[in-house]
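Structural characterization, general
Letter by letter, the chains look like this.
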Amino acid sequence: MEEQYEGPLPRRRRRKKLRIGRVILTLLILFLLIASCYSYLQFNAGQSLAKGQEIDPGPFKGDIADPKNPSVENFLLLGIDDDGSGRSRTDTMMVLSWDKKEGKMRLISFMRDIYAEIPGYKSYKLNTAYYLGGVQTAKDTITGMFDLPIHHYAIIDFDNFESIIDTAFPDGIEMDVEKEMSEKIGVTLTPGTHQLNGKELLGYARFRADAEGDFGRVARQQKVISAVKEEAMRPGMLLHVPKLAGSVSGFIQTDLSTKDELTRALTVLMNRGAKIDTMTVPVEGSYSFNSYAHAGSVIELDLQKNKDAIAEFLQQ
């Protein structure tokens, strides 16, 4: 009867295991190379879409971070519209307060018709501040009126907004359109739930030809931001991120470096648990309507009530 071999396993089995490991490692490296090439090509494709779309907001100096709350950064978000003269007014004015430590985001929308004390100029509507002195004057006006520090800014032209939405979300953004909308927005929207492309979504956000006027428009702008954030969380969105990042780096003007800009933007977009709390200035019961020959119809504020409301909102 033959003896049973009880020694160590043959070497060839060990080599087989090594070969399997090498195959897995090779496949992993190949996958990373393909993913890197795809991201690079898509990023460049996104950048090419934005060529010739640069915005010149002028110089900017943000406020120093509060030593007591170093994790909080406030971003001035401006949506601008060229009136045909080569100069732009801000149709959308918001401040996004981001507490990176707590993972909280709070969004304050400012009505464009607020009668504002603009440093170095006469008092005009708030949306005139950018027209008169660029992003720094818009920042100084809001900071000065509301004791609201601003650390960074981001500006987008409305034509660029359309391109970003169409690039990032080729199937559109799902929105519940409350009523028929068409006057002065360049599109016709009907009531109901629709997938809106960039031009339609912008028209929805800018519509003001109803009894709600600017108050309704600000509410829709906040609704659009929430819808875009939700759409960005869908699994398929990952494939569009490189191209979106490329287009964003050209379409949006900001004081952040490209690396910081993309990192922070994607962190906000991909934070599934983050909720955006919103408020609108002026707050209820703190304003009246007036008219001036040099400024037209304006909203005059009880400034202290609004400053107190902002402070309370940011401390929640």
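The numbers attached to residues start from 1 for each chain and follow its sequence in the written order. In view of the model being predicted, local features appear only for residues whose pLDDT reaches at least 70, and side-chain atom pairs are presented and counted only at 80 or more, with totals across whole chains, interfaces and linings using the full set of residues. Remark: hydrogens and water are excluded; side-chain values derive from all non-hydrogen atoms of the structure.

**Quick notes on the overall build of the protein chain**
- Along the protein chain, the regular secondary structure elements total eight helices and 12 strands.
- Note on classification: 1.4 Å probe, protein chains only; a residue is buried when its accessible area is under 20% of the maximum for its type, exposed when over 50%, partly exposed between these limits. Sorting the 316 residues of the protein chain into buried and exposed places 42% on the buried side.
- We call two residues in contact whenever any of their non-hydrogen atoms come within 4.5 Å of each other. For the protein chain, the share of sequence-separated contacts (at least 6 apart) that also reach a separation of at least 24 residues comes to 65%.
- Of the roughly 17900 Å² of accessible surface on the protein chain, a fraction of 53% belongs to carbon and sulfur atoms. To qualify as a helix, a DSSP run of H or I must reach at least 4 residues; to qualify as a strand, a run of E must reach at least 2; elements of each kind are numbered from the N terminus. Each accessible area value is a Shrake-Rupley result obtained with a 1.4 Å probe; residue values ignore everything except the protein chains displayed when judging cover.

**Quick word on the packing of helix H4 (residues 198-206) against helix H5 (residues 213-232)**
- Here an axis means a line fitted to C-alpha atoms, over the contact stretch when the element is a helix, while the angle between two N-to-C directions is reported on a 0 to 180 degree scale. At a minimum axis distance of 7 Å, the contact between H4 and H5 shows a crossing angle of 145°. Judged by residue contacts, Leu 201, Tyr 204, Ala 205 and Arg 206 of H4 engage Arg 217, Arg 220, Gln 221, Lys 223, Val 224 and Val 228 from H5.

**Considerations on helix H2 (residues 128-146)**
- One less than the residue count of a helix, multiplied by 1.5 Å, gives the span that helix is expected to have. Over its 19 residues, H2 extends only 17 Å from the first C-alpha to the last, a length that falls short of the 27 Å expected when each residue adds 1.5 Å.
- Taking burial as the measure, the 19 residues of H2 include 15 buried ones, the bulk of the element.

**Digging into the pairing of strand S2 (residues 88-99)**
- Judged by how many residues are buried, S2 sits mostly within the fold: 11 of 12 residues are covered.
- The rule for pairing is simple: two strands pair if DSSP sees at least two bridges between them. Counting the residues in the hairpin turn of S2 and strand S3 (residues 104-110) gives four residues, including Gly 103, whose phi is positive at 70°.

**Some remarks on the side chain of Thr 141**
- Along the chain, Thr 141 turns up in helix H2.
- Sequence-distant contacts of Thr 141, that is, excluding residues within four places in its chain, are made with Ala 116, Glu 117, Ile 118, Pro 119, Leu 126 and Ala 129.

**Quick look at the packing of aromatic side chains**
- Ring pairs shown here join Phe, Tyr and Trp side chains whose ring centres sit within 6.5 Å, with only the six-membered ring taken for Trp; geometry is labelled stacked below 30 degrees between planes, edge-to-face above 60, and tilted in between. A complete count under the given rule lists six aromatic pairs for this structure.
- An angle of 10° between the planes, with centres 4.4 Å apart, marks the rings of Tyr 115 and Tyr 292 as stacked. A residue pair is termed long-range when its members are at least 10 positions apart, and Tyr 115 in strand S4 (residues 115-116) and Tyr 292 in strand S11 (residues 287-292) qualify at 177 residues.
- Relative accessible area serves as the criterion here: at 18%, Tyr 115 is assigned to the buried category.
- When the NZ atom of lysine or the CZ atom of arginine is within 6 Å of a ring's centre and also within 35 degrees of its normal, the charge is said to sit over that ring. Residue placement shows Arg 89 over the ring face of Tyr 131; its charged tip is 4.1 Å from the ring centre.

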